[in-house]
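Topology and contacts: notes
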Amino acid sequence: MNLKELYQEIILEHGKNPRNLGKTDNFNKDAKGHNPLCGDNVHVYLKLNGQRIVEDISFEGSGCAISMASASIMTDLIKGKNEHEAKEIVEDFLGMIKENPELNSENLKEDEKTKLMCLSGVKQYPMRVKCATLSWHTLISAIDNTQEEINTERMD
Amino acid sequence: MNIDTIKKEFPIFDEKIQNNDLVYLDSANSSQKPKVVTDRINEFYTKEFSNVGRSVHYLAVAATNLYENTRTSVQRFINAKDKNEIVFTKGATEALNLVANTLGQNYLQDGDEVLITELEHHSNYVPWHFLRKSKNIKINFAEINDDCEVTLEEIEKRITSRTKIISITHLSNVTGAILPIKEITELAHSKGIIVVVDGCQGAPHLRLDMQDLDCDFYAISCHKMYGPTGLGVLYGKKKWLEELPPYQGGGGMINEVKKDKISYGDLPNKFEAGTMATAQVIAFDQSIKFLEKIGMDNVVKHEADLVEYGQELLQKNNSVKLIGNPKNKGGVLSFTIEGIHPHDVATILDEDGVAIRAGHHCCQILHDKLNISASSRASVGVYNTREDLDKLNDSINNCKKIFNTK
């Protein structure tokens, strides 16, 4: 276990000053997520344009440094990607947090991968994995318009 | 038994937990187990095991006697009038569900009111909530004051002509507030209201006397009082336990079973359906004797000293904010740290070997009222020392260092 790996400077910085925090104007898709174990809530908003590109994305919520940083980094990376790319990146991220040693997505640039890998320290803390994944599951729910609130206790 | 050397009785403190000495500050969640208790479980399973109350062979009779001995010990420990007022359950949660469910069936009428408090653990709210739908019961909440305690005056204010039950915690698992149960019961009884007490935090940390408190029901969690998991105790006044219907049906709780009619067993069997947590009950006798050996007055004194010391330490620590300041307080210190989420606090403390709890501690109503989603909680037991609280404070400082806050 290594706290320094978990609480890297970039995580602390994003946790303290999350990007894209708030409710974006003209969003046309959104979804809520909830972690009943710790009471964390997140609400993801996005604007998908006619070409199915994420024109804008933001989130509202409160939570620990890991969950806030994860949502912040996620929104930064997803902005400008198309729907298909976004979903593929989410899948890649969830795979990495659960078991894969690295990210494989061709839709992520090297510097984006480096940024995302800062969250990999959470792997060593099984109780905290859900903090990191909540906003990502919620993003998928928003894209798919499932109207279903994400609940981390009902996920693998 | 000297309380200053009590740690030695708990084998877990000889272990290294992730290369650290364990500083266990999560006893309000569950306490560690002294060797006498775990030894007893092992001994019973390896040398004396049998089911109780059924067969006539030697082991069955011996096990039944041991099982009933624990009931007598519980009766003595809480000073209940009658041994048959002690019912074993699978936990305090089941004990509270039993009370809410059976009172709901036999006693409460459409539109009746149950008064609880904003301090309640979910297990003293959700069972009553079930009755909102099935019986159209209304639930009222006595509110906390600025010190996060619930006063007798507040309870009095919330009582209406429809209040039939007051169900309250003895000692808050978040703020540590100790409620004036005796006075509340006196007031309630003068108005014909039943009093149910969630004693999960009361039983391990306070001297109990059911005949003095005079409450009608008292729920106990055995794993919080240095005993095994999977076991709780419901104390109920005999007249109530006799009047209420059984909670679960099955073997052991019946008198006679025919195709057209069934009669139920006497107390306490009526409420102990199926094979009970035999080994746990038998080992729980050791938990009670362990506490009696220390003496509950010494436990109270020791924990009061710890909480006072801890409060002082944390009050002096910048950016730490203690939740509540009840005049009458048990060994619970809940707090928030400015700019650091409780889950981050708990993870960092854990790395230093300091085990606390972070979250809402099954008290979402209280956290909503305080306008926070979560808090960190350090809670003490007989084995804790002032040094443990020093380590807590040091580790909090480490958190602040990592998060670069003052």
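Residues numbered from 1 in each chain as written. Chains lettered and ligands numbered in written order. Predicted model: local features only at pLDDT ≥ 70, side-chain atom pairs only at ≥ 80, totals over all residues.

A closer look at the domain arrangement of chain B
Residues and elements named next belong to chain B. This is how the line gets drawn: Residue ranges for the domains originate in an automatic or database domain assignment. By the convention adopted here, residues are in contact when the distance between their C-beta atoms, placed from the backbone, does not exceed 7 Å. Secondary structure follows DSSP: runs of H or I at least 4 residues long count as helices, runs of E at least 2 residues long count as strands, and numbering of each begins at the N terminus. Residues are grouped as follows: Ala, Val, Leu, Ile, Met, Phe, Trp, Tyr, Cys and Pro are nonpolar; Asp, Glu, Lys and Arg are charged; all remaining types, including Gly, are polar.
Taken domain by domain, chain B holds domain 1 (3–29 + 295–402) and domain 2 (38–292). Counting residues at the interface gives 25 residues for domain 1 and 22 residues for domain 2. Elements with a minimum of two residues in the side of domain 1 that touches domain 2: α11 (296–316), β14 (332–337) and α13 (364–369). Here the side of domain 1 that touches domain 2 gets six residues from one element, more than from any other, and that element is α11. For the side of domain 1 that touches domain 2, the per-class residue count stands at twelve nonpolar, seven polar and six charged.

Examining the sheet that holds strand β16 (residues 357–359) of chain B
All names here are of chain B. Short version of the rule: One bridge is not enough; two strands pair if DSSP finds at least two bridges between them. Axis definition: a line fitted to C-alpha atoms, limited for helices to the stretch in contact. Angles are taken between N-to-C directions and run from 0 to 180 degrees.
Spatial strand order, β13-β14-β17-β16: four strands in an open sheet with antiparallel pairing. Pairing within the sheet leaves two strands with one partner each, and these edge strands are β13 (320–322) and β16. The average undirected angle you get between the axes of adjacent strands in this sheet is 30 degrees. With three bridges connecting them, β13 and β14 associate as antiparallel partners. Within β14, the residue paired with Leu322 across the bridge is Phe335. This element, helix α12 (residues 342–351), spans β14, β16 and β17 (375–379) of the sheet and lies at about 160 degrees to β16.

Focus: the nonpolar core
Convention followed: Connectivity within a nonpolar core runs through C-beta atoms within 7 Å, and the core itself is a set of buried Ala, Val, Leu, Ile, Met, Phe, Trp, Tyr and Cys residues. Working definition of burial: number of other C-beta atoms within 10 Å of the residue's own, with buried at 20 or more, exposed at 12 or fewer, and partly exposed in between, all C-beta atoms being placed from the backbone.
Judged by nonpolar contacts, the single largest core of 116 residues is most densely connected at Val99, Val197, Phe217, Ala219, Val233, Leu234 and Tyr235 of chain B. Sort the elements by how many residues they give to this core and helix α10 (residues 278–294) of chain B lands first, with eight residues. Shared between two domains, this core holds at least three residues of each, these being domain 1 (3–29 + 295–402) and domain 2 (38–292) of chain B. Aside from chain neighbours lying at most four places away, what touches Val233 of chain B is Val74, Ile86, Phe88, Thr89, Ala95, Ile220 and Cys222 of chain B. Counting residues in each nonpolar core, the second largest holds 39 residues, with Leu6, Ile66, Ile78 and Leu108 of chain A among its members.

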